[in-house]
Protein chains: 2
Amino acid sequence: MTRAQLFEQILQKKSYLCVGLDTDPEKLPEHLLDTEDPVFEFNRQIIDATADLCVAYKPNIAFYEAQGPVGWMSLSKTLQHIPDNIFTIADAKRGDIGNTSELYARAFFDTMSFDSITVAPYMGSDSVTPFLRKEGKWVILLALTSNPGSQDFQMLPLKNGEPEYLFEQVLKTSATWATPDNMMYVVGATRADFVERVRAIVPDSFLLVPGVGAQGGSLEDISRLGMNKECGLLVNSTRAIIYASSGRDFAEKAREAALEVQQEMAQYLEKFL
Amino acid sequence: MTRAQLFEQILQKKSYLCVGLDTDPEKLPEHLLDTEDPVFEFNRQIIDATADLCVAYKPNIAFYEAQGPVGWMSLSKTLQHIPDNIFTIADAKRGDIGNTSELYARAFFDTMSFDSITVAPYMGSDSVTPFLRKEGKWVILLALTSNPGSQDFQMLPLKNGEPEYLFEQVLKTSATWATPDNMMYVVGATRADFVERVRAIVPDSFLLVPGVGAQGGSLEDISRLGMNKECGLLVNSTRAIIYASSGRDFAEKAREAALEVQQEMAQYLEKFL
């Protein structure tokens, strides 16, 4: 999917919501457990209930991988069920030497047909660029994550002081490998105080923003500080939506939760775009 | 496997060789292609031919993942075929927020039963510590990798200058989360000039060393500079061993290549231990 197509979806749906499909087999509603593939059945109903309210789905690959071969089948079926006009993100946080990253690109872009994959920057250029080979396929590079451990290295001050922090250097260096048409960045909503620094380096790039809701980030803050003229934001919500209810009404409650976020987003698009 | 058991194996076999099982379905000898599971059959013969000459096997997970569910079956059978007294490394380079890293730990340590997994440090403590929960299970953290892109971020000089570079801070900080009994570090042989800096920070830890052979690192240099009193090195070789021949004699030639490395290692153990 191209940047223009993504922006068009955002305008049409008045939403920049990404729904995380971190489907934990231990958290499934009981009545799904005797279906043939309970994880897929859960995802199918979540997708059907939310597809008109969100512009992206993001399965975290760990949840599927942990189930062995069965999990990969559930993931593959889930991906096929997502409508073509919705952006798909393999939240895999991969990154390895060139020929290995090439294989991961094959796994996620060819064997499966994700639009994008999250990638860790530590190994540098030749671990990232193999994912940039195809039009319409995206790298989403970890820059400033939403977890407590993001303090350990991402916020280390650098010697030359220009830029000041490691995450800023990651943005600056990686921006020379790619364009806003094939690279996005993960920037946690819990780090809204740094979003202006991010925008100073990558004004046009889309940011994938986790950490709103359960992790305490503010949707209003990140929208006000992070939105650019093509929106430039995909804000992820997982638990607040897919686990809004653990009963028979899980899909209905997921829709209600997604609708609430979408309505808030419609206001911010009005206000900040 | 404990550190003492690993060291015992090293002394017994006079070897600190790790064989990389990056088995590419496109590089298999032709006569294997009509076996039931050619990737497993290749690995099985490589393992049978080299198990007395090496102390570790390291499948790079990308090569299996790229094949979809079939690949995971090949990997699982390969792992079961590796003798119990040989250390196993899931070269997966994972790293995600806490609950997700917990799932990866489940996938690689429980669903499969690897002794260790390679982990990327960028997301910090809560992305790494979930892998440290069990005795005899190891994290192998990326510190200074062997690829050209390692220059991009790992070698960035830090503001306070103590330590000087990012990879040194990764060693220093992560050493407070773990012990030499449950954490090792990836340090590329192409970076032998920095091994003394590594040893100044983590004198007792095992280092997993890629980059000897095809990538140009010297086994003698890394052994002289990196060996500690319990050896402290696992030196990986992949292509020079598993692809020593592409014919019917691939296993025999793999053994010859492994034997040559093992004999060189026996000398260095004599000389530097």
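Everything quoted here is computed from the prediction, not taken from an experiment.

The rules behind each value
Sequence order as written defines the numbering, with residues in each chain counted from 1. Chain letters start at A and ligand numbers start at 1, both assigned in the order the entries are written. Owing to the predicted nature of the model, reporting of local features is limited to residues with pLDDT of at least 70; listing and counting of side-chain atom pairs is limited to 80 or more, with chain, interface and lining totals taken over all residues. As a rule here, side-chain values come from all non-hydrogen atoms in the structure, and water together with hydrogens is ignored. Least squares is the method used to superpose the copies, on C-alpha atoms of residues holding a pLDDT of at least 70 in both. Contacts were defined at the residue level, with two residues in contact if any of their heavy atoms lie within 4.5 Å. Cavity: a set of points on a 1 Å grid over the protein atoms alone where a 1.4 Å probe fits but cannot get out. Pocket: an open set with protein on both sides within 12 Å along at least five of seven lines, its lining residues, like those of a cavity, having an atom within 4 Å of a point. Grid points are joined across faces, edges and corners, and a volume is the space filled by probe spheres set on the points. As used here, the term nonpolar core means buried Ala, Val, Leu, Ile, Met, Phe, Trp, Tyr and Cys residues forming a set that is joined through side-chain atoms within 4.5 Å. Note on exposure labels: buried denotes an accessible area under 20% of the residue type's maximum, exposed denotes more than 50%, and partly exposed covers the range between, all computed with a 1.4 Å probe on protein chains only. Paired strands are those between which DSSP finds at least two bridges. Numbering of helices and strands runs from the N terminus, with a helix taken as a DSSP run of H or I at least four residues long and a strand as a DSSP run of E at least two residues long. With axes taken as lines fitted to C-alpha atoms, and helix axes fitted only over the stretch in contact, angles between N-to-C directions fall between 0 and 180 degrees. Oblique is the label for any angle not under 35 degrees, not over 145, and not in the 65 to 115 range, which are roughly parallel, roughly antiparallel and roughly perpendicular in turn. The crossing is said to be left-handed when, going from far helix to near helix, the turn is anticlockwise and less than a right angle, and right-handed when the turn is clockwise. Ten residues, namely Ala, Val, Leu, Ile, Met, Phe, Trp, Tyr, Cys and Pro, are considered nonpolar, four, namely Asp, Glu, Lys and Arg, are considered charged, and the remaining ones, Gly among them, are considered polar. Any pair of nitrogen or oxygen atoms within 3.5 Å is treated as a polar contact; in protein, a donor-acceptor pairing is required on top of that, and neighbouring residues in sequence qualify only through side-chain atoms on both sides. The salt bridge criterion pairs a side-chain nitrogen of Lys or Arg with a carboxyl oxygen of Asp or Glu, the two atoms within 4 Å. UniProt positions are given in the numbering used here, feature names are shortened, and annotations may be inferred rather than shown by experiment. Each helix should span, by expectation, one fewer than its residue count multiplied by 1.5 Å. Note on disulfides: each one is a pair of cysteine sulfur atoms within 2.5 Å.

**Focus: the relation of the copies chain A and chain B**
In screw terms, the move from chain A to chain B is a rotation of 180 degrees and a rise of 0.0 Å along the axis, fitting with an RMSD of 0.0 Å. The two molecules are tied by a two-fold rotation axis, judged by turn and shift. Among all residues of chain A, the minimum C-alpha distance to the rotation axis is found for Lys159(A), at 1.8 Å. With an isologous cut-off of 70% or more, the 100% of interface residues of chain A that recur at the interface of chain B puts this contact in the isologous class.

**Regarding empty space enclosed by the protein**
Tallied over the full model, the rule gives two cavities of 30 Å³ or more. Estimated volume of the largest cavity: approximately 40 Å³. Around the largest cavity sit Lys93(A), Ala120(A), Leu142(A), Lys93(B), Arg94(B), Gly95(B), Ala120(B), Tyr122(B) and Met123(B), which together line it. Empty space within the second largest cavity amounts to approximately 30 Å³. Gly95(A), Asp96(A), Ala120(A), Pro121(A), Tyr122(A), Met123(A), Ala120(B) and Leu142(B) together form the lining of the second largest cavity.

**Details of the nonpolar core**
Nonpolar side chains tend toward joint burial in soluble globular proteins. Core analysis: the largest hydrophobic core is formed by 207 residues, its most contacted members being Tyr16(A), Phe87(A), Phe108(A), Tyr16(B), Phe87(B) and Phe108(B). Among all residues touching Tyr16(A), those that are not within four sequence positions of it are Ile10(A), Val55(A), Leu219(A), Ser223(A), Met227(A), Cys231(A), Leu233(A), Leu234(A), Val235(A), Met265(A), Tyr268(A) and Leu269(A).

**A word on the sheet that holds strand E6 (residues 183-187) of chain A**
Residue and element names in this part refer to chain A. Spatially, E1-E2-E3-E4-E5-E6-E7-E8 is the arrangement adopted by the eight strands of the closed barrel, whose pairing is parallel. With direction set aside, neighbouring strand axes in the sheet form an average angle of 30 degrees. Inspection of the sheet shows strand E1 (residues 17-20) paired to strand E2 (residues 56-58) by three bridges, in the parallel sense. Paired with Gly-20 across the two strands is Lys-58, which belongs to E2. In the packing of helix H5 (residues 98-111) onto the sheet, the strands contacted are strand E3 (87-94), strand E4 (116-119) and strand E5 (138-144), and the crossing angle to E3 comes to about 155 degrees.

**As for the sheet that holds strand E2 (residues 56-58) of chain B**
Residues and elements named next belong to chain B. One closed barrel holds the eight strands; their spatial order is E1-E2-E3-E4-E5-E6-E7-E8, and the pairing between them is parallel. Here the average twist between neighbouring strands, direction ignored, is 30 degrees. Pairing between strand E3 (residues 87-94) and strand E4 (residues 116-119): three bridges, direction parallel. Along E4, the bridge assignment pairs Ile-89 with Ser-116.

**As for the packing of helix H9 (residues 219-226) of chain A against helix H11 (residues 250-272) of chain A**
Residue and element names in this part refer to chain A. Where H9 contacts H11, the axes come no closer than 10 Å and their chain directions differ by 30 degrees. Here H11 runs roughly parallel to H9, going by the angle between their axes. For the element pair H9 and H11, the recorded crossing hand is right-handed. For the pair H9 and H11, the contacting residues are Leu-219, Glu-220, Ser-223 and Arg-224 in the first and Val-261, Glu-264, Met-265, Tyr-268, Lys-271 and Phe-272 in the second. Residues that form the contact of H9 with H11 fall into these classes: five nonpolar, one polar and four charged.

**Section: the side chain of Ser150(B)**
By the element assignment, Ser150(B) lies in the loop between strand E5 (138-144) and helix H7 (166-174). The buried category is assigned to Ser150(B), whose relative accessible area is 0%. One polar contact links Ser150(B) to Arg191(B), side chain to side chain, over a distance of 2.8 Å. The contact partners of Ser150(B), leaving out residues within four places of it in the chain, are Met123(A), Thr145(B), Met155(B) and Arg191(B).

**Observations regarding the interface of chain A and chain B**
Many analyses report the size of an interface as the accessible area lost when the parts associate. The interface is formed by 51 residues belonging to chain A together with 51 residues belonging to chain B. The interface formed by chain A and chain B contains six salt bridges. For the salt bridge of Glu65(A) with Arg94(B), the shortest nitrogen-to-oxygen distance reads 3.1 Å. At the junction of chain A and chain B, the tally comes to 26 residue pairs in polar contact (both at pLDDT 80 or more). Looking at the side of chain A that touches chain B residue by residue, the classes come out as 27 nonpolar, 15 polar and nine charged.

**Thoughts on the UniProt feature "domain: Orotidine 5'-phosphate decarboxylase" (unreviewed entry) in chain A**
Taken from the UniProt record, the annotation "domain: Orotidine 5'-phosphate decarboxylase" (unreviewed entry) applies to residues 16-254 of chain A. The distance separating the terminal C-alpha atoms of residues 16-254 of chain A is 16 Å; by composition the span is 34% helix and 16% strand.

**Some thoughts on helix H2 (residues 38-50) of chain B**
Residues and elements named next belong to chain B. Spanning 13 residues, H2 covers 18 Å between terminal C-alpha atoms, matching the ideal 18 Å at 1.5 Å per step. Most of H2 is tucked away, with 10 of its 13 residues classed as buried. Burial in H2 covers these residues: Pro-38, Val-39, Phe-40, Glu-41, Phe-42, Asn-43, Ile-46, Ile-47, Ala-49 and Thr-50. Each element contacted by the buried residues of H2 is listed here: strand E1 (17-20), E2, helix H3 (61-65), helix H4 (69-81), helix H10 (239-242) and helix H11 (250-272).

**Notes on the state of the cysteines**
Taken as a whole, this structure holds zero disulfides over all chains when the rule is applied. Cys231(B) takes part in no disulfide bond, and the closest cysteine sulfur, belonging to Cys18(B), lies 12 Å away.

**Some thoughts on the UniProt feature "active site" (unreviewed entry) in chain A**
When the UniProt feature table is mapped onto this chain, "active site" (unreviewed entry) is found at Lys93(A). Looking at Lys93(A), the relative accessible area reads 9%, which means it is buried. Those residues in contact with Lys93(A) that sit more than four places away from it in its chain are Asn60(A), Thr118(A), Val119(A), Ala120(A), Leu142(A), Lys93(B), Gly95(B), Asp96(B) and Met123(B). A polar atom in the side chain of Lys93(A) sits 2.9 Å from the side chain of Asp91(A).

**Brief notes about the packing of H2(B) against H4(B)**
Residue and element names in this part refer to chain B. In the contact formed by H2 and H4, the axes pass within 9 Å of each other and the chain directions differ by 20 degrees. One way to sum up the angle between H2 and H4 is to call them roughly parallel. H4 is crossed by H2, and the crossing has right-handed handedness. For the pair H2 and H4, the contacting residues are Val-39, Phe-40, Asn-43, Arg-44, Ile-47 and Asp-48 in the first and Ser-74, Lys-77, Thr-78 and His-81 in the second. Split by residue class, the contact of H2 with H4 holds three nonpolar, four polar and three charged.

**Side note on the environment of Asn236(B)**
Residues and elements named next belong to chain B. With respect to the helices and strands, Asn-236 occurs in strand E8 (residues 233-237). With relative accessibility at 6%, the residue Asn-236 sits in the buried group. Residues Asn-236 and Tyr-57 lie 179 residues apart in sequence; the distance between their C-alpha atoms is 8.6 Å. In this view, Asn-236 contacts Cys-18, Val-19, Gly-20, Lys-58, Leu-208, Val-209, Pro-210 and Val-212; residues no more than four positions away in its chain are not counted. Of note is the side chain of Asn-236, whose polar atom sits 3.0 Å from the side chain of Thr-238.

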